[in-house]
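# Geometric and topological summary
Residue-level listing of the chains:
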Amino acid sequence: MSDKPSVLFVCVHNAGRSQMAAGWLRHLAGDAVEVRSAGSAPGDQVNPAAVEAMREVGIDIGNQRPELLEYETAKSSDVIVTMGCGDACPVFPGRRYEDWKLDDPAGKSVEAVRPIRDEIRDRVQRLVDDLLPADRAH
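Residues numbered from 1 in each chain as written. Predicted model: local features only at pLDDT ≥ 70, side-chain atom pairs only at ≥ 80, totals over all residues. Heavy atoms only, no water.

Turning our eyes to something else, we now look at helix 2 (residues 48–55). Turning to helix 2, its buried residues are A49, A50, V51, A53 and M54. Those residues of helix 2 hidden inside the fold are in contact with helix 1 (17–29) and helix 4 (110–131). Backbone nitrogen of A49 and a side-chain oxygen of the N-cap are separated by 2.7 Å at the start of helix 2; the cap is N47. (Buried < 20%, exposed > 50% of the residue type's maximum accessible area, 1.4 Å probe, protein only. Helix = DSSP H or I, 4+ residues; strand = E, 2+ residues; numbered from the N terminus. Contact = heavy atoms within 4.5 Å. Polar contact = N/O pair within 3.5 Å; in protein donor to acceptor, adjacent residues only side chain to side chain.)

To continue, consider the layout of surface pockets. There is about 170 Å³ of room inside the largest pocket. Along the wall of the largest pocket there are 14 residues; nearest its centre are V35, R36, S37, A38 and E67. Only helix 1 and strand 2 (34–39) provide two or more residues apiece to the lining of the largest pocket. Of all the elements, strand 2 adds the most residues to the lining of the largest pocket, at 4 residues. Across the lining of the largest pocket, the residue classes tally to 4 nonpolar, 5 polar and 5 charged. (1 Å grid on protein atoms, 1.4 Å probe; cavity = no way out; pocket = protein on both sides within 12 Å on 5 of 7 lines; lining within 4 Å. Points joined across faces, edges and corners; volume = space filled by probe spheres on them. Nonpolar A, V, L, I, M, F, W, Y, C, P; charged D, E, K, R; others polar.)

As a further point, take the nonpolar core. Counting 34 residues, the largest nonpolar core has V7, F9 and V124 as the members making the most contacts within it. Among the elements that line this core, the one with the most residues is helix 4, at 8 residues. Aside from chain neighbours lying at most four places away, what touches F9 is S18, A21, A22, L25, R36, S37, A38, V81, M83, W100, V124 and L127. L8, V10, L69 and I80 belong to the second-largest nonpolar core, a separate cluster that totals 7 residues. (Core = buried A, V, L, I, M, F, W, Y, C linked by side-chain atoms within 4.5 Å.)

What follows is the structure, given as structure tokens:
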């Protein structure tokens, strides 16, 4: 892993879970980690309930756009966190993989998305604690 590790969050539509995780990682690690997110079948926009739930905690993901998972992006990532993308997620030897079992926020209200948001925050914080020495995270 380089001085600045890269983390790729992948879910099917890249519109909810992976976007919230990327928002949390940017917030918790600052520029100490390169943050990427993508989907195996990206949606048209980020889930409005996910945008609102993140806005409630001071993180704006409303300007993000779902992106297609590209082979090179995955290949060049140090850590790949999958969230329900199944067989569409490529596997590369020597990469660290985590598969986070999380409810899909698609079609859910903001009230239903909040617990998903909070669980993602906790998992991202553990990832930051593991990737960065205490003096590098902000």
